[in-house]
Amino acid sequence: MENLPKEFSAIDTALSLHYSSSITTPKLFRICQKATSLVGKRIDRHTIERILGVDESLFKIISFKGSYDYGITVSIPLSKYGTLLLQRRAEFADKVSNLKTIEPVSLQEVAVLQSPVKSTSYRSPSTSPTKIAKGRQYEGLKKDPSSFSFKEKISAVQSSKAEGLSLLERIKLKERLNSNIDPKSKEKEDYHSYIHSKSSKIYDILYELASASGSINRTPVPQSFTLQKLISIIKDSSEYEISEDDISIVIKDLERKLGPTKLKLIEREHAKVIKVFNLDRAEDQKVFQNK
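Residue positions are given per chain, counted from 1 along the sequence in the order it is written. Given that the model is predicted, a residue must reach a pLDDT of at least 70 before its local features are reported, and side-chain atom pairs must reach 80 or more before they are shown or counted; all residues, however, enter totals for whole chains, interfaces and linings. As a rule here, side-chain values cover all heavy atoms of the structure and leave hydrogens and water aside.

The name given to the protein chain in an unreviewed UniProt entry is DNA replication factor Cdt1 C-terminal domain-containing protein, with Candidozyma auris as the source organism. UniProt positions are given in the numbering used here, feature names are shortened, and annotations may be inferred rather than shown by experiment. Entered under Sequence similarities (unreviewed entry) in the UniProt record, the comment concerning the protein chain runs "Belongs to the Cdt1 family."

Have a look at this one:
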């Protein structure tokens, strides 16, 4: 029983991370896999049945029509879910401490029938579709830098026609435009936008991991994670493809923006470690409003 609050927190965190990039109900076994990775101990449906034995309202179990798989979600607003992790963990620990025994609740008894829904990506209000598209197409753009300025060139040439320039003058204008464009500068600017678009999501993952690993009495305690483990969790939680190098760059960018009092990347002999201090989501989100 003493490990149940930690196991509950791992499931809660894994589920919250899922909802940071998706609005679909996840499969229960998948959340258990992620929670197992977070806590380093096997978590399965029996763990969830024990948790429901403490409080059935903590999770909502979904039975998908025409499927043997269960889904898992919460009844609280998803927009507030991440901010409630510490509170939920503390309240759960209090309930467990007041129990002598726990009677597991069968998933079959509490499952609610629901039709499967196609996977749909989630975009937070702070993330523009344009930036996401740039990120996904970045590799292709890098191979052909001229594509960045294609529309601007066409627009300028068309404008020159309207002004009555001769063919020779239009050709000279086009050559002048080509000579003034710096593809490397434009490519760098686009990559910067791509990294910036990922910052808020990766910050959310760091925040939720730190919250889940924090002390039960809610006293801020610095948390440490190896860079490799963090990269693995981020890749597993991301709806869109992102490379390990890009994740490392985003983390370094967050370290620069937030400062060493909140986030610090430490290089040790055999591994890089991220040290997370007292993050303040409301205050920290302001750094993502400016590039």
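Back to the text.
What to know about the sheet that holds strand 1 (residues 60-64)
Between any two strands, pairing holds if DSSP finds at least two bridges. Think of it this way: any DSSP run of H or I at least four residues long counts as a helix, any run of E at least two long counts as a strand, and we number them from the N terminus. Taken in spatial order, the 3 strands line up as 2-1-3 in an open sheet, and their pairing is mixed. Sheet topology places strand 2 (70-73) and strand 3 (112-114) at the edges, where each strand pairs with a single neighbour. Direction aside, neighbouring strands of the sheet carry axes that sit 40 degrees apart on average. In terms of strand pairing, strand 1 meets strand 2 through 4 bridges, oriented antiparallel. Counterpart to Ser63 in the pairing with strand 2 is Tyr70. An axis is simply a line fitted to the C-alpha atoms; with a helix, the fit covers only the stretch in contact. Between two such axes, the angle follows the N-to-C directions and lies from 0 to 180 degrees.

A word on the nonpolar core
Among buried residues, the Ala, Val, Leu, Ile, Met, Phe, Trp, Tyr and Cys ones that are joined through side-chain atoms within 4.5 Å form a nonpolar core. Remark: exposure states derive from per-residue accessible area (1.4 Å probe, protein chains only) relative to the maximum for the residue type, with buried under 20%, exposed over 50%, and partly exposed in between. Formed by 59 residues in total, the largest nonpolar core has its most connected members in Ile11, Ile48, Phe59, Ile72 and Ile274. A per-element tally of this core places helix 11 (residues 183-213) first, with 10 residues. Two domains each donate at least three residues to this core, and these are domain 1 (3-113) and domain 2 (187-288). Domain borders in the structure are assigned automatically or taken from a domain database.

Quick look at the pattern of salt bridges
Each reported salt bridge corresponds to a side-chain nitrogen of Lys or Arg within 4 Å of a carboxyl oxygen of Asp or Glu. Inspection of the entire model under this criterion finds 10 salt bridges. The partner of Glu7 in a salt bridge is Arg50, with the nearest N and O atoms 3.8 Å apart. You can see Glu7 sitting in helix 1 (residues 4-19) and its partner Arg50 sitting in helix 3 (residues 45-54), a full 43 residues away along the chain. Residue Glu7 is classed as buried on the basis of its relative accessible area, which comes to 4%. A relative accessible area of 33% places Arg50 in the partly exposed class. Of the charged contacts in the structure, one is a salt bridge between Lys95 and Asp55, with a shortest N-O distance of 2.4 Å.

Section: the packing of aromatic side chains
Stacked, edge-to-face and tilted are the three classes for Phe, Tyr and Trp ring pairs, Trp counted by its six-membered ring, which pair at centre distances within 6.5 Å; planes under 30 degrees apart are stacked, over 60 edge-to-face, the rest tilted. All told, the structure shown has 3 aromatic pairs when counted by the stated rule. Here Phe8 and Phe59 contribute two aromatic rings whose centre-to-centre distance is 5.7 Å and whose plane-to-plane angle is 50 degrees, an arrangement assigned as tilted. Separated by 51 residues along the polypeptide, Phe8 in helix 1 and Phe59 in the loop between helix 3 and strand 1 bring together distant segments of the chain. The ring of Phe59 has Arg88 lying over it, and the distance from NZ or CZ to the ring centre is 5.6 Å. Distance and angle both matter: a charge sits over a ring if NZ of Lys or CZ of Arg is within 6 Å of the ring centre and within 35 degrees of the ring normal.

Describing the packing of helix 1 against helix 5 (residues 85-97)
If you want to describe how two helices pack, look at the angle between their axes and the distance between the axes. Interaxial distance between helix 1 and helix 5 falls to 10 Å at its minimum, and their mutual angle equals 155 degrees. Between helix 1 and helix 5, the angle falls in the class roughly antiparallel. Crossing angle aside, the handedness with which helix 1 passes helix 5 is right-handed. Each of Leu4, Pro5, Phe8, Ser9, Asp12, Thr13 and Ser16 in helix 1 lies in contact with helix 5, whose residues at this interface are Leu85, Arg88, Arg89, Phe92 and Ala93. Under this grouping Gly is polar, as are all residues other than the nonpolar Ala, Val, Leu, Ile, Met, Phe, Trp, Tyr, Cys and Pro and the charged Asp, Glu, Lys and Arg. By residue class, the composition of the contact of helix 1 with helix 5 is 6 nonpolar, 3 polar and 3 charged. Any angle from 65 to 115 degrees is called roughly perpendicular, while one under 35 is roughly parallel, one over 145 is roughly antiparallel, and all others are oblique. Should the near helix be turned anticlockwise from the far one by less than a right angle, the crossing is termed left-handed; should it be turned clockwise, right-handed. Contacts between residues were defined by any pair of non-hydrogen atoms, one from each residue, lying within 4.5 Å.

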